[in-house]
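Structure assessment
The residues making up each chain are set out below.
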Number of protein chains: 4
Amino acid sequence: MKDIKEFISYNDIFAIHCGISVLEVSPGTATVKMTVQDKHLNGLKLAHGGALFTLADLAFAAAANSRDYVAVGINATISYIRPAGMGDILYARAREIFSNRTLSGYSVNVENEAGELIATFQGTAYKKGSIQTHKRKAGHVHSSDSP
Amino acid sequence: MKDIKEFISYNDIFAIHCGISVLEVSPGTATVKMTVQDKHLNGLKLAHGGALFTLADLAFAAAANSRDYVAVGINATISYIRPAGMGDILYARAREIFSNRTLSGYSVNVENEAGELIATFQGTAYKKGSIQTHKRKAGHVHSSDSP
Amino acid sequence: MKDIKEFISYNDIFAIHCGISVLEVSPGTATVKMTVQDKHLNGLKLAHGGALFTLADLAFAAAANSRDYVAVGINATISYIRPAGMGDILYARAREIFSNRTLSGYSVNVENEAGELIATFQGTAYKKGSIQTHKRKAGHVHSSDSP
Amino acid sequence: MKDIKEFISYNDIFAIHCGISVLEVSPGTATVKMTVQDKHLNGLKLAHGGALFTLADLAFAAAANSRDYVAVGINATISYIRPAGMGDILYARAREIFSNRTLSGYSVNVENEAGELIATFQGTAYKKGSIQTHKRKAGHVHSSDSP
């Protein structure tokens, strides 16, 4: 899983722009991390819904691409449970709920350091083909490329 | 609606960090804009799912707070339809689907300059109280503050 | 579109059990109808969330199978907006939001006779293959068959 | 929890119409059961998406009303994972993901007798008030009554 972890860490520019780092990727799971900084805040000085979504989405994308195929996100749902503020260290952990021939589904929990649930996220991915096929074309593919 | 447009434009730091601008807010609707730049790209050099979500979420937050009460996002769903790439100018337009005593719902379309649908988004908001009440406390409230 | 309308009308036993009739199917759209009866009520004597979902789901399934391929539902979201009660005549109208090589998406509005919105529903379908291929196997396929 | 179990068992007419029985309700959780019969089938002779949703929705409604307040469903999402057919015995188990002052969220797994996942469901409920208040008005309230 070193491949996908390194690939995202160096090539996912929006994740870097948002200060998200990939901690761990195993077959079907992934953990990513973001410390809430100024740049993540909304008008109320709380972590922005878009920043929380992006954190969860990255865990989803890493987990969905943790096996020998390339997968793209087709849709996702997020529920906001508890606000997060400046300095909070947030972890998003994705686990695979199902995986069949063409689709896979992931559940992601976003938690703070105290283990309190900040948001829950569910994402569905479409399997585009083997990594080999795609490497020949364009490199890894993940969230928000169209099926 | 000048209030909410200006409030978001100057106080939503994550929106500013993502290069999103608020074009228009009317009662129940809002339009926001983002030109896809380097910083929005994922590993395949397409607009990141998190950036598309954030764009749609901002239109949702603006529309949900376009009347005389403060509303917070409780959950949202996004479907990715067509990829967007470098230089694409994206617009997210939110419209109110319903609004009752405690909740309101919005549908957001993300389109490119050619009017092609990039993503669809649905968000539900919870009404926390009058703007007056909240101004006395903490300023406007929007997405991802907890109900 | 006579095919899919008749197919559902005679073969979708759960739809018949729920008293849902298919009014119209055109490429990408469908309208179905249900009059709220005793059997649709929950403990508060309002139309049950499951009955409203089933009504919307049938419009989705009909619209998703209105072209020359067979599609199966992969996920769906419903928002409850306004209650419906005994005797209310409800219509669910599905329209296609997108359709690419492998997936299609539909938005369904459930309204009462007064045109008031009762629920909104979004569904995503996966295209399994041509109708010819499937007819040879098992007849039409729709909602909740696995991709 | 005898109250809510009995209340649903005798008063939720659509659940009875669908052959769903409530097995167990504890604070924050509930288990319900449905054996797939003729009446649950779609045109492919598989359990209908609407029947699977209704099963999950009932577990959600029971869990959401398992404490000393009345809650109504505001929205829900379902993912179809694996088909179910005639004779399959299905269980839906709901567990509480969060509960704050006004909202609560539940995750429901629908499984067959072999423990295989058939569908996953997430529902959000709005707390309307204490059971006492509502008993004086109209009896228990659950899914799809408007907030």
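Residues numbered from 1 in each chain as written. Chains lettered and ligands numbered in written order. Predicted model: local features only at pLDDT ≥ 70, side-chain atom pairs only at ≥ 80, totals over all residues. Heavy atoms only, no water.

Considering the overall build of chain A
As a reminder of what qualifies: Only runs of H or I of at least four residues qualify as helices and only runs of E of at least two qualify as strands under DSSP, and these elements are numbered from the N terminus. The contact criterion used is simple: two residues touch if any of their non-hydrogen atoms lie within 4.5 Å. Surface exposure here means Shrake-Rupley accessible area, sampled with a 1.4 Å probe, where a residue is shielded only by the protein chains that are shown.
Counting its secondary structure elements, chain A contains four helices and six strands. Secondary structure elements of chain A, listed N to C terminal, follow the sequence α-α-β-β-α-β-β-β-β-α. Of the contacts formed within chain A by residues at least 6 apart in sequence, a portion of 63% connects residues at least 24 apart. By element, 48% of the accessible surface of chain A is carried by carbon and sulfur atoms, the whole surface being about 5000 Å².

Some remarks on the interface of chain D and chain A
So the rule is basically this: For any pair of parts, buried area is found by adding up, for both, the accessible area (1.4 Å probe) each one loses once the two are put together. Any carboxyl oxygen of Asp or Glu that lies within 4 Å of a side-chain nitrogen of Lys or Arg is treated as forming a salt bridge with it. Identification of polar contacts relies on pairs of N or O atoms within 3.5 Å, with a donor-acceptor requirement for protein atoms, meaning one able to donate a hydrogen and the other able to accept it, and with residues adjacent in sequence counted only if both atoms are side-chain atoms. Under the scheme applied, nonpolar residues are Ala, Val, Leu, Ile, Met, Phe, Trp, Tyr, Cys and Pro; charged residues are Asp, Glu, Lys and Arg; polar residues are all the others, including Gly.
Contacts between the two partners involve 11 residues from chain D and, on the opposite side, 11 residues from chain A. Together chain D and chain A conceal approximately 720 Å² of surface at their shared face, both sides included; 62% is due to carbon and sulfur atoms. Where chain D touches chain A, the interface holds zero salt bridges. For the pair chain D and chain A, the interface holds zero residue pairs in polar contact (both at pLDDT 80 or more). Secondary-structure elements contributing two or more residues to the side of chain D that touches chain A are strand 3 (69-80), strand 4 (89-99) and strand 6 (117-130) of chain D. Here the element with the most residues in the side of chain D that touches chain A is strand 6 of chain D; it accounts for four residues. When the residues that make up the side of chain D that touches chain A are grouped by side-chain class, the tally is four nonpolar, six polar and one charged.

With respect to the relation of the copies chain A and chain B
Put simply, the rule reads: Alignment of the copies relies on least squares applied to C-alpha atoms, considering only residues that score at least 70 for pLDDT in both.
Mapping chain A onto chain B leaves a residual RMSD of 0.0 Å; the transformation is a rotation of 180° accompanied by 0.0 Å of translation along its axis. Accordingly, the operation relating the two chain copies is best matched by a two-fold axis. Residue Thr77(A) of chain A places its C-alpha closer to the rotation axis than any other residue of that unit, at 2.1 Å. Taken as a fraction of all interface residues of chain A, those also at the interface in chain B reach 100%, which identifies the copy contact as same-surface.

Brief notes about the side chain of His40(A)
As for its position among the elements, His40(A) is in the loop between strand 2 (29-35) and helix 3 (49-64). Among the polar contacts made by the side chain of His40(A), one reaches the main-chain carbonyl oxygen of Cys18(A) at a distance of 2.6 Å.

Regarding the pairing of strand 2 (residues 29-35) of chain B
Residue and element names in this part refer to chain B. Filter applied, for reference: DSSP bridges decide pairing: two strands pair if at least two such bridges lie between them.
With six bridges joining them, strand 1 (residues 20-26) and strand 2 adopt antiparallel strand pairing. In the sheet register, Ile20 faces strand 2, and the bridge partner there is Met34. The antiparallel pairing of strand 1 with strand 2 creates a hairpin that spans two residues between the two strands, and Gly28 there sits at a positive phi of about 90°. Relative to strand 4 (residues 89-99), strand 2 runs antiparallel, the two being bridged by seven bridges. Bridged to Val32 within strand 4 is Ala92.

Notes on the interface of chain A and chain B
Across the contact, 45 residues belong to chain A and 45 residues belong to chain B. At the junction of chain A with chain B, the criterion picks out zero salt bridges. Listed by contribution, the elements that provide at least two residues to the side of chain A that touches chain B are helix 1 (2-11), helix 2 (13-17), helix 3 and strand 3 (69-80) of chain A. Here the residues of the side of chain A that touches chain B sort into 20 nonpolar, 19 polar and six charged. Both strand 3 of chain A and strand 3 (residues 69-80) of chain B contribute to a ladder of five bridges, which runs antiparallel. Following the sheet pairing, Asn75(A) is matched in strand 3 of chain B by Ser79(B).

What to know about the packing of aromatic side chains
To keep things clear, this is the line we draw: Centres within 6.5 Å are what make two rings of Phe, Tyr or Trp a pair, Trp counting through its six-membered ring; a difference in plane orientation under 30 degrees is then read as stacked, over 60 as edge-to-face, and the rest as tilted. In this scheme, a residue with accessible area under 20% of its type's maximum is buried, one over 50% is exposed, and one in between is partly exposed, where area comes from a 1.4 Å probe on protein chains only.
For the coordinates displayed, the defined rule picks out 16 aromatic pairs over all chains. Ring geometry for Phe60(D) against Tyr106(D): centres 5.9 Å apart, planes inclined by 50°, an arrangement best described as tilted. Pair noted here: Phe60(D) is in helix 3 (residues 49-64) and Tyr106(D) is in strand 5 (residues 103-111), with a separation of 46 residues, a long-range link. You can call Phe60(D) buried: its relative accessible area is 1%. By relative accessible area, which is 2% here, Tyr106(D) ends up buried. Following the ring pairs from residue to residue traces out a cluster consisting of Phe53(A), Phe60(A), Tyr106(A), Phe121(A), Phe53(B), Phe60(B), Tyr106(B) and Phe121(B).

Some remarks on the relation of the copies chain D and chain A
When chain D is fitted to chain A, the residual RMSD is 0.0 Å, and the transformation amounts to a turn of 180° plus an axial shift of 0.0 Å. By residue overlap, the copies meet face to face through one surface: 100% of the interface positions of chain D are interface positions in chain A.

Focus on the packing of helix 3 of chain A against helix 3 (residues 49-64) of chain B
Using the following cut-off: To get an axis, a line is fitted to the C-alpha atoms, and for a helix only the part in contact is used. The angle between two axes follows their N-to-C directions and goes from 0 to 180 degrees. Note that the term roughly parallel is reserved for angles under 35 degrees, roughly antiparallel for angles over 145, roughly perpendicular for angles of 65 to 115, and oblique for everything else. Left-handed describes a crossing whose near helix is turned anticlockwise from the far helix by less than a right angle; the clockwise case is right-handed.
Where helix 3 of chain A meets helix 3 of chain B, the axes come as close as 9 Å, and the angle between the chain directions of the two elements is 155°. On the basis of the axis angle, helix 3 of chain A is roughly antiparallel to helix 3 of chain B. In this structure, helix 3 of chain A meets helix 3 of chain B at a crossing whose hand is right-handed. Facing helix 3 of chain A, whose interface residues are Gly49(A), Gly50(A), Phe53(A), Thr54(A) and Asp57(A), helix 3 of chain B presents Gly49(B), Gly50(B), Ala51(B), Phe53(B), Thr54(B) and Asp57(B). A class-by-class count of the residues in the contact of helix 3 of chain A with helix 3 of chain B yields three nonpolar, six polar and two charged.

Some thoughts on helix 3 of chain B
Our working definition: How far a helix is expected to stretch is found by multiplying one less than its residue total by 1.5 Å.
For helix 3 of chain B, with 16 residues, the first-to-last C-alpha span of 22 Å sits near the 22 Å given by 1.5 Å per residue. Of all 16 residues in helix 3 of chain B, 16 are buried; the element is thus mostly enclosed.

A word on the state of the cysteines
Applied cut-off: Cysteine sulfur pairs qualify as disulfides if the two atoms are within 2.5 Å.
All chains considered together, the criterion is met by zero disulfides over all chains. Not engaged in a disulfide, the cysteine Cys18(C) finds its nearest cysteine sulfur in Cys18(D); these two sulfurs lie 5.3 Å apart. Looking at Cys18(C), the relative accessible area reads 0%, which means it is buried.

Focus on the confidence of the model for chain A
All names here are of chain A. Operational definition: The quantity called pLDDT is the predictor's confidence in a given residue, expressed from 0 to 100.
Counting all residues, the mean pLDDT for chain A is 90, and 86% of those residues have values of 70 or more. The model gives residues 133-144 a pLDDT under 50, and that stretch makes 43 contacts with residues more than four places away or in other chains. Scoring of the predicted complex yields 0.90 for pTM and 0.89 for ipTM.

Regarding the pattern of salt bridges
Per the counting criterion, the structure on display carries eight salt bridges over all chains. Between Glu111(B) and Arg93(B) there is a salt bridge, with its nearest N and O atoms 3.7 Å apart. Note that Glu111(B) is positioned in strand 5 (residues 103-111) and Arg93(B) in strand 4, a separation of 18 residues in sequence. Residue class for Glu111(B) comes out partly exposed when judged on its relative accessible area of 21%. Measuring nitrogen to oxygen at the nearest pair gives 2.7 Å for the salt bridge that ties Glu96(D) to Arg67(D). With Glu96(D) in strand 4 and Arg67(D) in the loop between helix 3 and strand 3, this residue pair connects regions lying 29 residues apart in the sequence.

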